[in-house]
Amino acid sequence: MALLADLVNLNLSDCTDKIIAEYIWIGGSGMDLRSKARTLSGPVTDPSKLPKWNYDGSSTGQAPGEDSEVILYPQAIFRDPFRRGNNILVMCDAYTPAGEPIPTNKRCNAAKIFSHPDVAAEEPWYGIEQEYTLLQKDVQWPLGWPLGGYPGPQGPYYCGVGADKAYGRDIVDSHYKACLYAGINISGINGEVMPGQWEFQVGPAVGISAGDELWVARYILERITEIAGVVLSFDPKPIQGDWNGAGAHTNYSTMSMRSDGGYEVIKKAIEKLGLRHKEHIAAYGEGNERRLTGRHETADINTFLWGVANRGASIRVGRDTEKAGKGYFEDRRPASNMDPYVVTSMIAETTILWKP
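Rules and cut-offs
Residues numbered from 1 in each chain as written. Predicted model: local features only at pLDDT ≥ 70, side-chain atom pairs only at ≥ 80, totals over all residues. Heavy atoms only, no water. Domains from an automatic or database assignment. Contact = heavy atoms within 4.5 Å. Buried area = accessible area lost by both parts, 1.4 Å probe. Polar contact = N/O pair within 3.5 Å; in protein donor to acceptor, adjacent residues only side chain to side chain. Helix = DSSP H or I, 4+ residues; strand = E, 2+ residues; numbered from the N terminus. Nonpolar A, V, L, I, M, F, W, Y, C, P; charged D, E, K, R; others polar. UniProt positions renumbered as here; feature names shortened; annotations may be inferred. Buried < 20%, exposed > 50% of the residue type's maximum accessible area, 1.4 Å probe, protein only. Pairing = 2+ DSSP bridges. Axes fitted to C-alpha atoms, helices over the stretch in contact; angles between N-to-C directions.

Q: Quick question: what am I supposed to make of the domain arrangement of the protein chain here?
A: Interface size is commonly expressed as the accessible surface area that is lost when the partners come together. Examined at the domain level, the protein chain breaks down into domain 1 (4-104) and domain 2 (117-353). With centres defined by C-alpha atoms, the gap from domain 1 to domain 2 works out at 27 Å. Contacts between the two partners involve 17 residues from domain 1, matched on the other side by 21 residues from domain 2. Together domain 1 and domain 2 conceal approximately 1,700 Å² of surface at their shared face, both sides included; 75% is due to carbon and sulfur atoms. It is Met 31, Phe 78 and Phe 82 in domain 1 that bury the most area against domain 2; as a group they hold 38% of the surface buried on that side. For the interface between domain 1 and domain 2, the tally reads three residue pairs in polar contact (both at pLDDT 80 or more). Only β1 (19-26), β2 (33-40), β4 (69-79) and β5 (88-95) provide two or more residues apiece to the side of domain 1 that touches domain 2. For the side of domain 1 that touches domain 2, the per-class residue count stands at 10 nonpolar, three polar and four charged.

Q: Teacher, can you tell me more about the UniProt feature "domain: GS beta-grasp" (unreviewed entry) in the protein chain here?
A: What UniProt calls "domain: GS beta-grasp" (unreviewed entry) maps, in this numbering, to residues 19-99. Between the C-alpha atoms that bound residues 19-99 the distance is 28 Å, and the span itself is 0% helix and 48% strand.

Q: It is not clear to me how unusual backbone geometry should be interpreted in this structure. Could you clarify?
A: A negative phi angle characterises most non-glycine residues, just as the trans form characterises most peptide bonds. That bond from Gly 203 to Pro 204 is cis: its omega, 0°, falls within 30 degrees of zero. With respect to the helices, strands and loops of the structure, Pro 204 is situated in strand β9 (residues 197-206). Positive phi outside glycine occurs at Glu 123, with the angle close to 45°. Mapped onto the fold, Glu 123 is located in the loop between α3 (117-122) and β6 (125-136). Overall, the relative accessible area of 30% leaves Glu 123 in the partly exposed class.

Q: Could you clarify how one ought to interpret the sheet that holds β1 in this entry?
A: To summarise the sheet geometry, strands pair through backbone hydrogen bonds and adopt either a parallel or an antiparallel arrangement. Taking strand neighbours across the sheet as the criterion, the five strands line up as β2-β1-β5-β4-β3 in an open arrangement whose pairing is mixed. The sheet is open, and its two edges are formed by β2 and β3 (53-56), each paired on a single side. Neighbouring strand axes in the sheet, compared pairwise and without regard to direction, differ in orientation by 40° on average. Relative to β2, β1 runs antiparallel, the two being bridged by eight bridges. Its bridge partner lying in β2, Ile 19 is registered against Leu 40.

The following block contains the structure:
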């Protein structure tokens, strides 16, 4: 095994200018991540300089067998924390050979919204709180939980310390450092209310980069849990009963909200979000109705309400924002399995472009 580890950790720059580029894309379910690698002649830092590539869409649920070719367009480059050196991770989106975005390509529409002059002028910032659950591989039961049984009730696990409270910290910390190495603006981690559940935060990130960074952070976490022999779940309610679900709270601000008088802009934006509550809920993740029950720090899925420092609201405004009269707000509705391209662009569209 030592020899295998030595080979995995070979530094290619000692003997060649060639690098390995791992192309990453989103599969047919909208949540499954796929990737494959190719050799390039030398280091690349601009995604537009990377070659397009194809894959078999019939094997990912994205194309029929008789016309299976799907084309990957490189969109963002990150340092590869697994191969290191000059090797890279490449976030891609997917198109037909004719150049049309395939139905599961949500990035293309998001990029159009973020490139709209009115949206670009507002420089929308996002901070996404990605919750997830670690599961024991063979039994699909949360890490640290007794097989077929339950741990003690919630209370000691949130930001908890100790072998009987924090399960999987080595995975979490490895992911934190790997994201920083990759160039992702990961801003923190913490243990969550349900044991075996954790959270990482990405941001502040501007516009389309929030989606790129969150998807690559998810990819890195999938790879680390693969190495650890643990299953990663983004299910919004992995355990039924009196246990917290998993969300992806999305913090948001525009230049107008961050400027003097921004609190009035925030209130108008929240009013718009309330008017489109059903449309947003429909786009905020599968199975969210199991999570948004009005219990466990959520508002009921059919109810829209906002408040200052209220974690039972749809939209939470922080005390600091209220006091300063400017700042940001948090949309607490998105599920852990949401598509960040959809959620971030939809919030921008509703609050900046949409006219009631």
